Amino acid sequence: RIGTHVEGKFVPWQADGATLSGVKNLAMRDCFFSQVWEGIDFTGRGVDGFLQENIHICDTFSYGFKYAHPQKNGKVIRCVSERAGFKGFTIGAETVNLQFLHCEARDTGAASAWKVPGRAFNGIAGFDLDFDSAHSPRDITLQDCKAEAVAFPDAMEFGFRTSDRARDPAHGIHLIRATV
């Protein structure tokens, strides 16, 4: 709860539940993170070989689960991001071989901190698969995952969001039995 008030809203400073970089063979199970900037941030030099299972993250200012930079060889099983401010699960352009199984993004964007009045697109998404000019994620599977906006039906703009480049079979990107 470190932060400041802006326009009557409490805005937390960058304080993550967990930030990991340069780690190999990591297992995270049965964790709960709440009221932080980002729930879990895999960043920097990346994480190679990981399992995240039964993790619940709620009320984050920006991201629930963030996989930025070179993340590889991971499984994310029965994890929930609830009321993330911007994106429930964000999967960066340099990721390789990640599986998301039975994961849920609930009421993403509920706090409305990232909505800009008058802007048609704010990018608020339950699951976001990112591409950039130099990198494309490869071998990504989202299976039996759900993005839902029940308590705040107008907050989340996209259940699952990505680039048209995800259609290229060479990338190995699969969305299987998704629910929005």
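Fair warning: this is a prediction, and the values are worked out from it, not measured in the lab.

This paragraph deals with the packing of aromatic side chains. Under the definition given, this model contains 12 aromatic pairs. Ring centres of F89 and F100 lie 6.1 Å apart, and the angle between their planes is 85 degrees; on these two criteria the pair is classed as edge-to-face. Linking F89 in strand β12 (residues 87-91) with F100 in strand β13 (residues 96-101), this pair joins segments that are 11 residues apart in sequence. Each member of the pair F89 and F100 is classed as buried. Among the aromatic residues, ring-to-ring pairing joins F42, F50, F65, Y67, F89, F100, F127 and F160 into one connected group. A cation sits over an aromatic face here: R161 above F158, 5.9 Å from the ring centre.

Here the focus is unusual backbone geometry. Excluding glycine, a negative phi dihedral is what most residues carry, and trans is how most peptide bonds are arranged. Its identity as a non-glycine residue notwithstanding, D30 has a phi of 50 degrees, on the positive side. In this structure, S112 is a non-glycine residue whose phi angle is positive, near 60 degrees. As for its position among the elements, S112 is in the loop between β14 (104-106) and β15 (125-129).

This next bit is on the state of the cysteines. Considering all chains together, one arrives at 0 disulfides under this definition. C103 takes part in no disulfide bond, and the closest cysteine sulfur, belonging to C145, lies 4.7 Å away. With a relative accessible area of 0%, C103 lands in the buried category.

Spatial ordering of the open sheet is given by β5-β8-β11-β14-β17, a layout of 5 strands whose pairing is parallel. The open sheet has two free edges, formed respectively by β5 (32-34) and β17 (146-148), since each of these has just one partner strand. Put simply, the sheet's adjacent strands are angled 10 degrees from each other on average, direction ignored. Here strand β8 (residues 56-58) runs beside strand β11 (residues 80-82); their pairing, made up of 3 bridges, is parallel. When the bridges of β11 are listed, C58 appears paired with E82.

The rules behind these values
- Residues numbered from 1 in each chain as written.
- Predicted model: local features only at pLDDT ≥ 70, side-chain atom pairs only at ≥ 80, totals over all residues.
- Heavy atoms only, no water.
- Phe/Tyr/Trp six-rings, centres within 6.5 Å; stacked < 30°, edge-to-face > 60°.
- Helix = DSSP H or I, 4+ residues; strand = E, 2+ residues; numbered from the N terminus.
- Buried < 20%, exposed > 50% of the residue type's maximum accessible area, 1.4 Å probe, protein only.
- Lys NZ or Arg CZ within 6 Å of the ring centre and 35° of its normal.
- Disulfide = S-S within 2.5 Å.
- Pairing = 2+ DSSP bridges.
- Axes fitted to C-alpha atoms, helices over the stretch in contact; angles between N-to-C directions.

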